[in-house]
Amino acid sequence: MLHIKNLHASIEDNKILKGINLEVRPGEVHAIMGPNGSGKSTLSSVIAGREEYEVTEGSIEFLNEDLLSLSPEERAHAGIFLSFQYPVEIPGVSLTNFIKTSMNETRKAKGLEPYPAKDLLKKMRDCLELLEMDKGFLSRSLNEGFSGGEKKRNEIFQMALLEPKLAILDETDSGLDIDALRIVASGVNKLRSPKKSFVLITHYQRLLNYIEPDYVHVLFNGKIVRSGGKELAHELESKGYDWIKQELAEV
Amino acid sequence: MEILDKITKSDYKYGFTTDIESDKAPNGINEDIIRLISSKKNEPEWMLQWRLEAFAIWQEMKEPEWANVTYKKPDFNAISYYSAPKSKKVLDSLDEVDPELLKTFAKLGISLDEQKRLSGVAIDIVVDSVSVKTTFKAKLAELGIIFCSMTEAIHEHPELVQKYLGRVVPRTDNFYAALNSAVFTDGSFCFIPKGVRCPMELSTYFRINESGTGQFERTLVIADEDSYVSYLEGCTAPMRDENQLHAAVVELFAMDGAEIKYSTVQNWYPGDVNGLGGVFNFVTKRGICERNAKISWTQVETGSAVTWKYPSCILKGENSVGEFYSVAVTNNYQQADTGTKMIHLGKNTKSTIISKGICAGKSNGSYRGLVKIGPRADNARNFSQCDSLLMGDGCGSHTFPYIEIANKSAQVEHEAATSKIGEDQLFYCNQRGIPTEEAIALIVNGYCKDVLSQLPMEFAVEAQKLLAVSLEGSVG
Ligand SMILES: Nc1ncnc2c1ncn2[C@@H]1O[C@H](COP(=O)(O)OP(=O)(O)OP(=O)(O)O)[C@@H](O)[C@H]1O
Ligand SMILES: [Mg+2]
């Protein structure tokens, strides 16, 4: 489904990604871990199409299409969803209005009529329930005054509504309390299917107890330096990153 | 900010450029011209005298220079002050109208009939529209409401006109008000009798065809005790005018317990992307509130090359309330210096100012506001919030709040914030499938929500679309 080959990307002439290779097949869950500043968010931004980043080498294919030639919204329409590490606030735009615009633009891109208001409302209610969110959020301005955890939960709420084919969760677990983590994780698990894939960017093994990954990768200094099964996450949790750094230095 | 640049460079798609054969006065201004205007309109002697006095006052005045705008001063002797439309070329169908204009209309969601009317196409269902209008007129008359052109009011209701004209904006008030008083050609007149709630929004739409809006418009709205009226001025459709200089005067009178809601959408030709052409819009708007009265000004300003406009309230009576809600958009080389004055004279008077400036391109937007609390205005309160939103790096926004307080019990609060539409916000929207143009519309409408929500429903929807159109540039 997602096919990243030798991806190099830079911002303002700073090389951040230095040859990433990653393949995600339908139904798989991949976890990406790695120290601060190693390029995890950069990778997710590049996949989502943020224009500030320049791809200098390599390719990304999504569902056999050249992803790099698509605009960010076209990538979203194709089924890519990014749960932001830092979701932005948009004052004066209610969550309902934002979601309505988002869903209907996505439908428009597919040549479909706008969602009937009643169906949309029902869908929103169902997803609120899934994430145990209060319906008061719907009329509040998008993310404005939301707590850190509420913002994260709101990202997963939108993911549930948009039903993407590939969801990238950039540190969605950071800032969530224990109950919220469980709720968000079970939300994600309910959305899992043989056709949907997830990339989880996280610093903590804890999330992976709830959402079991098929693969774990370690991103270090712009490269994936190690890949393995879920036991790799345990190893990192107990040993930290130093042993990897050491091994790399020895090579 | 390349994306922003691309989409904010909107091309103005002009309004009606119908050939109008007109009965035109020679260029220039002098007593003879004023006599000519007055006689063409068959005016009574008192009206002529009033105009001549205004002209004498104007001649002694200088054009103001304090506003934060720069432009080449109009040559007042190169302007023709009277031009009565003789006949308007009527088009047979919308097929004859500039397709670009039709696209703009469609974007704004203006109905087919309205499109025809605005672009000078004969409306097929004439009978219908006439009868609708007659029904409205009959209904208003039944309630004793007078709603007509200023010219008609001068003839039919001279006692009212004489009593109120120039009473809240005196001829000596400022350069443009004096000029308007000397040469105004028409405008609207509205009187709501005691205790009457006007059952519909009064709109200049109704009578635009009868007299046409002019370069020097004069509007007078009088709400007698305990009455209510909501008045709409202008429309969202783009308006092109050959006349570069516009100097309107609007006067509002809210008697004890009365309420006037005055909403404006201004979309005059702003000039091209290089700053050539465009209307100079110098407007004096002021209202006076007696006891327990309320005046609320709401404006959405997107047009004109230069705007100079400060709708104001004199809160004379106890417990009276003044409100000012404004969205002013400037793009390309547009300049706007706009704001309000809230003059608190009575006890327990209250005012609210919400001003939202949006600047794009190379434009310049200024908020200029005065809150004045007189010595007898015990417990007066004001809240002001003046925000600006910048799109790109080429534009500028400025805030000039003036506060004069002569009573210790006053409570005055002022908030101001400047923000930029961030790449972060746009990318977030894009990521959720919302293309950049729609994202800007969404963000801007969110930013203006507090003002747009003051507009009558249908108008608010149109105004939202107008904001998007004036900023996006995808028209055509
Ligand atoms: N505009 C920029 N100019 C220079 N360097 C930048 C710029 N933006 C990001 N970087 C750098 O790129 C590197 C990768 O950042 P990124 O946000 O991808 O890290 P991350 O792996 O997500 O870290 P964290 O775990 O802290 O979220 C960092 O060193 C960051 O400082
Ligand atoms: Mg990160």
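Our subject is the structure listed above.
Quick summary incoming for the structure in this document. (Residues numbered from 1 in each chain as written. Chains lettered and ligands numbered in written order. Predicted model: local features only at pLDDT ≥ 70, side-chain atom pairs only at ≥ 80, totals over all residues. Heavy atoms only, no water.)

What follows covers the packing of helix H11 (residues 423–431) of chain B against helix H12 (residues 436–447) of chain B. Axes are the key here: two packed helices are described by the angle between their axes and the distance separating the axes. Residues and elements named next belong to chain B. Where H11 meets H12, the axes come as close as 9 Å, and the angle between the chain directions of the two elements is 120°. Classified by the angle between their axes, H11 and H12 sit oblique to one another. Relative to H12, H11 is oriented so that their crossing is right-handed. Contacts between H11 and H12 involve Gln425, Leu426, Cys429 and Asn430 on the former and, on the latter, Thr436, Ala439, Ile440 and Ile443. (Axes fitted to C-alpha atoms, helices over the stretch in contact; angles between N-to-C directions. Helix = DSSP H or I, 4+ residues; strand = E, 2+ residues; numbered from the N terminus. Parallel < 35°, antiparallel > 145°, perpendicular 65-115°, else oblique. Left-handed = near helix turned anticlockwise from the far one by under 90°. Contact = heavy atoms within 4.5 Å.)

Moving on, we get to the sheet that holds strand S10 (residues 259–266) of chain B. Residue and element names in this part refer to chain B. Strand order in this open sheet of 8 strands is S5-S7-S10-S12-S15-S17-S19-S21, and the pairing throughout is parallel. Whereas interior strands pair on both sides, the edge strands pair on one side only; in this sheet they are strand S5 (202–203) and strand S21 (411–420). Pairing of strand S15 (residues 321–330) with strand S17 (residues 350–360) involves 10 bridges; the strand directions are parallel. Bridge pairing in S17 places Val321 opposite Lys350. (Pairing = 2+ DSSP bridges.)

The subject of this paragraph is the sheet that holds strand S5 (residues 65–66) of chain A. Residue and element names in this part refer to chain A. With antiparallel pairing, the 4 strands of this open sheet are ordered in space as S2-S1-S4-S5. The strands lining the two open edges of the sheet, one partner per strand, are strand S2 (14–24) and S5. Bridge count for strand S1 (residues 2–11) against S2 is 8 bridges, and the pairing is antiparallel. Residue pairing for S2: His8 is matched across the bridge by Lys18. The strands touched by helix H1 (residues 40–48) are S1, S2 and strand S4 (54–62); relative to S1, the strand with the most contacts, the crossing angle is about 110°.

Next up on the list: the coordination of the magnesium ion (ligand 2). All names here are of chain A. Here the magnesium ion (ligand 2) is held by Ser41 (OG) and Gln85 (OE1), and the distances to it run 2.0 to 2.2 Å. With Ser41 in helix H1 and Gln85 in the loop between strand S6 (80–83) and strand S7 (90–94), this pair connects stretches of sequence that are 44 residues apart. The exposure class of Ser41 is partly exposed, given its relative accessible area of 26%. (Donors = N, O, S within 2.8 Å, 3.2 Å for Na, K, Ca; no water. Buried < 20%, exposed > 50% of the residue type's maximum accessible area, 1.4 Å probe, protein only.)

Residue and element names in this part refer to chain A. Taken together, 15 residues sit near ligand 1, with Gly37, Lys40, Ser41, Thr42 and His203 positioned nearest. With respect to ligand 1, the side chain of Asn14 contributes an N or O atom lying 3.4 Å from a nitrogen atom. For ligand 1, the accessible surface in isolation is 650 Å², of which the surrounding protein chains cover 65%. Listing elements by their share of the shell around ligand 1, those giving two or more residues are S2 and H1. A per-element tally of the shell around ligand 1 places H1 first, with 3 residues. Across the shell around ligand 1, the residue classes break down as 3 nonpolar, 9 polar and 3 charged. (Near = heavy atom within 4 Å. Polar contact = N/O pair within 3.5 Å; in protein donor to acceptor, adjacent residues only side chain to side chain. Areas by Shrake-Rupley, 256 points an atom, 1.4 Å probe, with all protein chains shown as cover. Nonpolar A, V, L, I, M, F, W, Y, C, P; charged D, E, K, R; others polar.)

All names here are of chain B. Along the chain, the position of Lys356 falls in strand S17. On the accessibility criterion, Lys356 (6% relative accessible area) is buried. Side-chain polar atoms of Lys356 contact the backbone oxygen of Tyr447, separated by 3.4 Å. Ignoring sequence-local partners within four residues, the contact set of Lys356 consists of Ser326, Val327, Ala328, Gln385, Asp387, Tyr447 and Val451.

Once that is clear, we can look at the interface of chain B and chain A. On the chain A side, the residues contacting the 20 residues of chain B number 34 residues. Carbon and sulfur atoms make up 64% of the surface buried where chain B meets chain A, a total of about 2,100 Å² over both sides. Across the pair Glu155(A) and Arg432(B) runs a salt bridge whose closest N-O atoms are separated by 2.8 Å. Here chain B is connected to chain A by 11 residue pairs in polar contact (both at pLDDT 80 or more). For the side of chain B that touches chain A, the element with the most residues is H11(B), which contributes 8 residues. (Buried area = accessible area lost by both parts, 1.4 Å probe. Salt bridge = Lys/Arg side-chain N within 4 Å of Asp/Glu carboxyl O.)

A few words on helix H2 (residues 31–40) of chain B. All names here are of chain B. Those residues of H2 not exposed but buried are Ile33, Ile34, Ile37 and Ser38. Down the axis of H2, the buried side of the element spans an arc of 135°, and every buried residue falls inside it. Looking at the buried positions of H2, the neighbouring elements they touch are helix H3 (45–59) and helix H9 (175–183). Directly after H2, the chain includes Asn42, whose backbone phi takes a positive value near 60°. (Arc of directions from axis to C-beta.)

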